[in-house]
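Observations on the three-dimensional arrangement
Spelled out from the first residue to the last, the chains are:
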Amino acid sequence: MSAVIKTNNLQKYYNPGESLEVRALDGVTLEIERGEFTAIVGPSGSGKTTLLNIIGGLDHETAGTATIGDTTITALSDNELIDFRLNNIGFVFQAYNLIPVLTAQENVEFIMLLQNKSKEERQRRTAELLKEVGLGDKMNSRPMEMSGGQQQRVAVARALASKPQFVLADEPTANLDSQSTSDLLDIMAELNQKENVTFLFSTHDQRVIDRARRVITLEDGKIISDEKR
Amino acid sequence: MLIKLAWRNIWRNKRRTAITVASIFFAVFFAVFMRSMQLGFYGKMIDSVVRFYSGHVQVHAKGYWDDQILDNSFELNDPELKAIRENPNVEMAANRLEGFALSSSGDLTKGVLMIGMDPELEDRLMDLEPKIQSGALFGANDRSVMVAEKVAEYYKLAVGDTMVFISQGYHGVSAAAKYPVSSIVRFTSLVLNERAVMFPMKEAQNFFGAEGRATSVAVILGNPNKMDKVVNELTASLDTSKYEVMSWEEALPELVQAIEADGAGGLIMLMILYMVVSFGMFGTVLMLIQERVYEFGVLLSIGMGRLKLWTVVFLESIFTTLIGAVLGVIGVYPLVLYFNHNPYELTGPAAEAILDQGWEPVLPASLDPSIATTHMLIVMVVSILIAFYPAFIIRKLNPVEARRN
């Protein structure tokens, strides 16, 4: 197994050197292997989202490095990070992930359009992905015509559309009911097992934690436990 | 997809889009209407001047403009002058012989401007027949005069009365004659209405002892926009040591100044209108940005470049403006068309003020398509300038902070 994500002594301080200094991340070192299904857990303010933001190339560290595949993303400029995210990382956010004026099909296609993929490839892959997440019959529905769970499944399909190295999911089930949460986790677990897609979650949701095969617990910006199941 | 995205985005908040489109619609509507009426009025003024005074282009002997005496007249049979009528852009060329004279009738006297002209041609040029208050226009071989209304009022003249004229003719010859009044005419031009007396060209040449001569040729063009071209062509084909070719703008700089001064007032009004609309459009963009910061954050996060993101917002702004501007032009066109065919006639003090300036108090709307395209372009430019604000916001947008919005 090869490491998809590596962080080395990753630190993120807010107001450094001042009396109100906040150490959101305080020396986080970890490796995530390809095909992992990992949950990052911890209380509010423990640094989960900050860690995901830096690994996702959305935020800058104060010190340390983060490497995705062979690329040290902490050395990339903002514009390079946008391209890197497009081609290497899939995102599923807590809510309001989708472009409201585009249909499910168009939302998924949109990522591939940004990657300049051919129309044929876009349409073929979109159909495959929506079928995989169980929404083959909702291709022409707009987000407001779908339930929260269905929207998150479209978001998963979109996250996979660019063939990313891994998918970052920030509290993906926070706004979902039990059944939708269960359906979404089933789909992600299936994609993880069948297609070896790497998933990294930040979550408070015990149902997600129960399904994860590795649980990394953060507290005060430090890893206090790393449990593989 | 970006175009599709932008187009659908503008219909996300239909009410806001409708308000924005309406503000652009009314801006273009009022701007085009105001400007059409203004330029239509200027066009009418220019047309009057061109027909009654100089023509679009005037050809006269060199030196005549600075010293308008009969000694600075020219021979009409000069072969060079064929170039005027042979120019394909020339619709009409009217020879005129003008000179000042002392007129008399009964115990009264008055200085008048005597204009020798071809009645048939000038009727077409000045549309004289409807302006004749009494009598009939003289023929080319008649020995009679057509008197301006105020001159006739001064002398209490009626058709058939006789007037006496004394003047100095060509090369100082003594000019004196008496003519019956064949008609009384009302000119809209105050200057002409107070002192013009017209008579046939042949009789004018006889009166002034200037056989075969004229003081000017008023040239009317089929397409006034080709005026500069014709001036250049005539200047090139005529001997400039003998002749001078002038556009009406050169001949009547005071009219150009009057139009510019009045036009500046109109432009200030338009600027105020556009400023109000610009703030409205800017307000819409501000709301749009505030409402969609989270969405922009998501789009940046998933890898949409800032330029592409701005392009979508830019296209939204362009689409909204285009809809409003096109509807504005479509909406105002029937009104402009109506006032083009049925010019608004001023009454009361406003009409008197315009009449005092020598113009007709009617406001026809101009149908010049460049008015609509200009104002569409102005709102488009405003829209493009406003779109720099989202460009600035998107350039600075941090996806993490945006998603916290």
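Bear in mind the structure is a predicted one, so any value in this text is a computation, not a measurement. (Residues numbered from 1 in each chain as written. Chains lettered and ligands numbered in written order. Predicted model: local features only at pLDDT ≥ 70, side-chain atom pairs only at ≥ 80, totals over all residues. Heavy atoms only, no water.)

**As for the domain arrangement of chain B**
Where we set the bar: The start and end points of each domain follow an automatic or database-based domain assignment.
Taken domain by domain, chain B consists of domain 1 (2-49 + 255-404) and domain 2 (63-239). For domain 1 of chain B and domain 2 of chain B, the distance between their C-alpha centres works out to 48 Å.

**Some words on the packing of aromatic side chains**
Residues and elements named next belong to chain B. Selection rule: Working definition: rings of Phe, Tyr and Trp (its six-membered ring) pair if their centres are within 6.5 Å, and the pair is stacked with planes under 30 degrees apart, edge-to-face with planes over 60 apart, and tilted otherwise. Helix and strand assignments come from DSSP, with helices taken as H or I runs of at least 4 residues and strands as E runs of at least 2, each series counted from the N terminus. Exposed residues in this analysis have more than 50% of their type's maximum accessible area, buried residues have under 20%, and partly exposed residues fall in between, with area computed by a 1.4 Å probe over protein chains only.
For the structure on display, the rule yields 23 aromatic pairs over all chains. Residues Tyr179 and Phe199 carry aromatic rings whose centres are separated by 5.7 Å and whose planes lie at 65 degrees to one another, so their mutual orientation is edge-to-face. Of this pair, Tyr179 sits in strand β8 (residues 174-185) while Phe199 sits in strand β9 (residues 196-200); the two residues are 20 residues apart in sequence, bridging distant segments of the chain. By the burial criterion, Tyr179 is buried, and Phe199 matches it.

**Observations concerning the side chain of Gln115 of chain A**
Residues and elements named next belong to chain A. What counts is decided by this rule: Two residues form a contact once any of their heavy atoms are found within 4.5 Å.
The residue Gln115 is located in the loop between α3 (104-114) and α4 (119-132) in this model. Take Gln115: its relative accessible area is 14%, and that puts it in the buried class. Those residues in contact with Gln115 that lie beyond four places of it in its chain are Leu86, Asn87, Ala161 and Ser162.

**Observations concerning a negative patch on the surface**
Our working rule: Patch membership is restricted to residues that have no salt bridge and whose relative accessible area is over 30%. Joining uses 9 Å for like charges and 5 Å for the nonpolar side chains Val, Leu, Ile, Met, Phe, Trp and Tyr. Only the protein chains shown count as cover for residues, and all accessible areas are computed by the Shrake-Rupley method using a 1.4 Å probe. Any Lys or Arg side-chain nitrogen located within 4 Å of an Asp or Glu carboxyl oxygen qualifies as a salt bridge. In this charge count, Lys and Arg are treated as positive and Asp and Glu as negative; neither His nor the chain ends contribute. For this purpose, a charge sits on NZ of Lys, CZ of Arg, CG of Asp or CD of Glu.
A surface patch of negative charge is lined by Asp228, Glu249, Glu250 and Glu260 of chain B. Mapped onto the elements of the fold, Asp228 of chain B is located in helix α8 (residues 227-237).

**Considering the interface of chain B and chain A**
Our working definition: The buried area of a pairing is the accessible area, by a 1.4 Å probe, that goes missing from both parts when the two are put together, added over both. Counted as a polar contact is a pair of N or O atoms within 3.5 Å, where, for protein atoms, one must be capable of donating a hydrogen and the other of accepting one, and residues adjacent in sequence contribute only when both atoms are in side chains. Classification convention: Asp, Glu, Lys, Arg as charged; Ala, Val, Leu, Ile, Met, Phe, Trp, Tyr, Cys, Pro as nonpolar; all other residues, Gly among them, as polar.
With 24 residues of chain B in contact, the opposing surface of chain A contributes 27 residues. The contact between chain B and chain A buries some 2,200 Å² in all, and 65% of this surface belongs to carbon and sulfur atoms. At the junction of chain B and chain A, the tally comes to 2 salt bridges. The closest approach of N and O atoms between Arg8 of chain B and Glu106 of chain A, which form a salt bridge, is 2.5 Å. Between the two partners, chain B and chain A, sit 6 residue pairs in polar contact (both at pLDDT 80 or more). Sorting the residues of the side of chain B that touches chain A by element identifies α1 (2-10), α10 (253-301), α11 (306-341) and α15 (399-404) of chain B as the ones contributing at least two each. When residues in the side of chain B that touches chain A are grouped by element, the largest group, 6 residues, is from α10 of chain B. In terms of residue class, the side of chain B that touches chain A is built from 11 nonpolar, 5 polar and 8 charged.

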